[in-house]
Amino acid sequence: MLKRISILLSSALLLQACASGVPGVIEQPKISIQNIGLQDISLTEGVAVVTLNVANPNAFPIPLKGIQYGLSLNGHPVASGDQAQDMSIGARQEMPINIPVKLDFMQLLQLAPEAMKTRSLQYDLTGAVKLPFISVPFQRQGGVGVHQ
């Protein structure tokens, strides 16, 4: 029993080191957004596919448990979700991960007058990649021009 407790405490300390990213011990994965594209568009909804690039700087594989995300357009939340994953990112490897984000066109239509007036649409994508005991956040903001 004492051995189990010491293993649990050691694991907790190791994961805390991972959360703070102790150099030379365990480092957090690096997350970047590669691409955002549209797919499967209908009259009522569409699916945007966000491709994240997750890089593991460690000398050992790390398990990926899921991804949380939220998307706002011109300051209005239009999509959010929590996608379960069950994969491993190899030691010192990078892996692209696609996240399908459902968009409701009724919400998007409400944004159309403002977007046409300013001729731009500002987006804010936030979220976190979930590992076994920590989450690594990501965020990207930007804008796209709107044409009539």
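The chain is annotated in an unreviewed UniProt entry as LEA type 2 family protein from Thiothrix litoralis. According to the UniProt record, the Sequence similarities (unreviewed entry) comment for the chain is "Belongs to the LEA type 2 family."

**As for the confidence of the model for the chain**
With 80% of its residues at a pLDDT of 70 or more, the chain shows a mean pLDDT of 78. At the low end of the mean pLDDT range in the chain sits helix α1 (residues 2-20), at 46; at the high end sits strand β3 (residues 62-73), at 89. Across residues 4-22, where pLDDT falls below 50, the model places 15 contacts with residues more than four positions away in sequence or in other chains.

**Considerations on the nonpolar core**
If you look at the biggest cluster of nonpolar residues, it comprises 28 residues, and the most contacted ones within it are Leu-52, Leu-71, Val-78, Val-101, Leu-103 and Val-129. Secondary-structure elements contributing two or more residues to this core are β2 (45-55), β3, β4 (76-89), β5 (94-104), α2 (105-118), β6 (120-130) and β7 (135-145). Top element by residues in this core is β3. It accounts for six residues. In contact with Leu-103, other than residues within four places in its own chain, are Leu-38, Thr-44, Glu-45, Gly-46, Ala-48, Leu-71, Val-78, Ala-79 and Leu-108.

**Structural notes on the environment of Val-136**
Tracing the backbone through its elements, the reader meets Val-136 in strand β7. C-alpha of Val-136 to C-alpha of Lys-30: the two residues are 106 residues apart in sequence and 8.4 Å apart in space. Residues in contact with Val-136, not counting those within four places in the same chain, are Gln-28, Pro-29, Ile-31, Gly-127, Ala-128, Val-129 and Leu-131.

**Digging into unusual backbone geometry**
Positive phi outside glycine occurs at Asn-74, with the angle close to 50°. Following the sequence through the fold, Asn-74 ends up in the loop between β3 and β4. For Arg-92, which is not a glycine, the phi torsion comes out positive at approximately 50°. Take Arg-92: it is sitting in the loop between β4 and β5.

**As for the side chain of Asn-53**
By the secondary structure assignment, Asn-53 is in strand β2. Side chain to side chain, Asn-53 and Glu-94 meet in a polar contact 3.0 Å long. Aside from chain neighbours lying at most four places away, what touches Asn-53 is Lys-30, Ile-31, Ser-32, Gln-34, Glu-94, Met-95 and Pro-96.

Definitions and cut-offs
- Each chain has its residues counted from 1, running along the sequence as written.
- The predicted nature of this model means local features are confined to residues of pLDDT at least 70 and side-chain atom pairs, given and counted, to a pLDDT of 80 or more, with totals for whole chains, interfaces and linings taken over all residues.
- For side-chain calculations, the full set of non-hydrogen atoms in the structure is used, while hydrogens and water are omitted.
- UniProt positions are given in the numbering used here, feature names are shortened, and annotations may be inferred rather than shown by experiment.
- Think of pLDDT as the predictor's per-residue confidence, scored from 0 to 100.
- Helix numbering and strand numbering both begin at the N terminus, where a helix is a DSSP run of H or I of at least 4 residues and a strand a DSSP run of E of at least 2.
- We call two residues contacting when some pair of their heavy atoms lies within 4.5 Å.
- By nonpolar core we mean a set of buried residues, namely Ala, Val, Leu, Ile, Met, Phe, Trp, Tyr and Cys, connected to one another through side-chain atoms within 4.5 Å.
- Relative accessibility decides the category of a residue: with a 1.4 Å probe and only protein chains considered, values under 20% of the type maximum give buried, values over 50% give exposed, and everything between is partly exposed.
- In protein, a polar contact requires one atom able to donate a hydrogen and another able to accept it; more generally it is a pair of N or O atoms within 3.5 Å, and residues adjacent in sequence count only if both atoms are side-chain atoms.

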